[in-house]
Amino acid sequence: MDKSILVLDKGTRCTAWNYSGERLVAGLIDGSFAIYDSTDPASSNLTCTHRFKAHNCSIVKVVWAPPEYGDAVACITEDGNLSLWEEVVDDTEGPHWKMCKCFDRNTSQVLDVQFGYGQTCLKLVAAYSDGQVKIHELLDTLELEKWQLQAEFQNVIDLVSKFGNVSCLSASISWNPERIEVRQSSFVLGFNSNTPSLNSAKVWEFDLDHQRWLPVAELSLPEDKDDQVSSVAWAPNIGRPYELIAVATQKGISIWQLGSNPDHDGRLSVHRVALLSAHDNEVWEMEWDMSGMTLATTGSDGVVRLWQSNLNGAWHEQAVLAPPS
C-alpha cells in the first residue's frame, strides 16, 4: 500500500523539490514559506523544519537555485513581485532564512522565473506580463544579493517587432539542463497572451561572439503559431544527437526534436515527433525524469500522467496517477 511521506499544510499554493530531491519548499496563500526536511535517515518521511512569513500576499511560484550556490529559493508572489531568499547560519540564531534580493519590476508582473548556467556565472531569466523577458546574472558567486541586468527582449523572432497593449496571463520557461561546458547557454519560453507572435515557444541561445541572445528555433507548426502556451519542459540529454522539448497548448502536448547543428542563418532544425492528447483541459506543469526518457504532466483534470516512447519512437501513455477518491 502506498504511504505518504508528508501532508502539506492547508493553504499550500506551490511546491518545489531541491536538486537532490531531499528537501521541499512550499509557498502558502498567507505569504509564508514552509521548508520540509528528512530528519530521520532511516525514514523517507519529511518534517517541517522552518516556517516563516515572507510576504503579505500569496506565493504562487518557488524555484530552488542550483545547489552549488547554497540553499536559496526564488519566489514569485501573487502581485507579481520577484524575490530571492537564502538559508544562512550564524552563531546567535542558527539556521534561518532571509531575503537577499528583491528584483525591480516597474508596472508589469513577473509570471515565471528559472535559474540557468552561464559560462562565467549563474543566470536568472524572468518573464513578465507585458511580454518582456529579462536575463539577470550573478556578479559574485558568494553574494546572492549582487545581480545585474544582462539583457531584455521580447519572445519574438523578428527583433524589431512592436506591439500595442500586450497582456500576458502566464508564461513558462525551461533552461537547457546540459551544463554550459557542452554548449552555449539556452532556454525555451512560451507565453499565454493576447499577442499571437509572443505565444509560440521559442528557443533562445546566447551568442558569445556578439554578446546577445538570439532566437534559434520556433517550436510550432505554421497553423499553430496563434496557440497559447501553458507549459514547456526541456529534457535532460544522456547521449541523443538531438534535444527533446515538450510544449503544452490547448491542442495537447507536442514533443519536439531540436537539432544541434545550426544552418547558415544560425537556426536549428525542429521536428514534431508526437502530439499527446489526454488531459481534459489545460496542462499546468510538465517535468522530465533525470534520464530524459519519461515525461510527467498534470493539469486541470487533477491527475498525473507519465509518457514514454517505445523502441519505434512512438509516444504513449505509460501510467496514470490519480488521487484517491
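The shown structure was predicted, so the numbers you read here are calculated from the model rather than taken from an experiment.

## Let's talk about the pattern of salt bridges
- Considering all chains together, one arrives at 13 salt bridges under this definition.
- The partner of Glu137 in a salt bridge is Lys123, with the nearest N and O atoms 2.8 Å apart. Of this pair, Glu137 sits in strand E11 (residues 132–140) while Lys123 sits in strand E10 (residues 122–128); the two residues are 14 residues apart in sequence, bridging distant segments of the chain. This pair shows no difference in class: Glu137 is buried, exactly as Lys123 is.
- Asp301 is the partner of Arg305 in a salt bridge, and the nearest nitrogen-oxygen pair spans 3.3 Å. Summarising the burial analysis for this pair, Arg305 and Asp301 share the class buried.
- Linked through salt bridges whose partners overlap, the residues forming this network are Arg23, Asp37, Asp71 and Glu87.

## Describing the UniProt feature "repeat: WD" (unreviewed entry) in the protein chain
- The UniProt feature table records "repeat: WD" (unreviewed entry) at residues 276–308.
- Spanning residues 276–308, this segment combines 0% helix with 52% strand, and its end C-alpha atoms are found 11 Å apart.

## Focus: the pairing of strand E3 (residues 32–37)
- Within E3, six of the six residues are buried, which leaves it mostly tucked inside the rest of the structure.
- Burial of E3 is two-sided: the residues Ser32, Ala34 and Tyr36 facing one way and the residues Phe33, Ile35 and Asp37 facing the other way are all buried.
- Sheet topology places strand E2 (residues 23–28) next to E3; five bridges connect them, and they run antiparallel. Bridged to Ala26 within E3 is Ala34.
- Linking two consecutive strands that pair antiparallel, namely E2 and E3, is a turn of three residues; a positive phi of about 85° is found at Gly31 within it.
- Sheet topology note: the E3/strand E4 (residues 47–53) ladder contains six bridges and is antiparallel.

## Considerations on the sheet that holds E4
- With antiparallel pairing, the four strands of this open sheet are ordered in space as E1-E2-E3-E4. Edge positions in the sheet fall to strand E1 (12–17) and E4, since each of these pairs with one other strand and no more. With direction set aside, neighbouring strand axes in the sheet form an average angle of 20°.

Rules of the game
- Residues numbered from 1 in each chain as written.
- Predicted model: local features only at pLDDT ≥ 70, side-chain atom pairs only at ≥ 80, totals over all residues.
- Heavy atoms only, no water.
- Salt bridge = Lys/Arg side-chain N within 4 Å of Asp/Glu carboxyl O.
- Helix = DSSP H or I, 4+ residues; strand = E, 2+ residues; numbered from the N terminus.
- Buried < 20%, exposed > 50% of the residue type's maximum accessible area, 1.4 Å probe, protein only.
- UniProt positions renumbered as here; feature names shortened; annotations may be inferred.
- Pairing = 2+ DSSP bridges.
- Axes fitted to C-alpha atoms, helices over the stretch in contact; angles between N-to-C directions.

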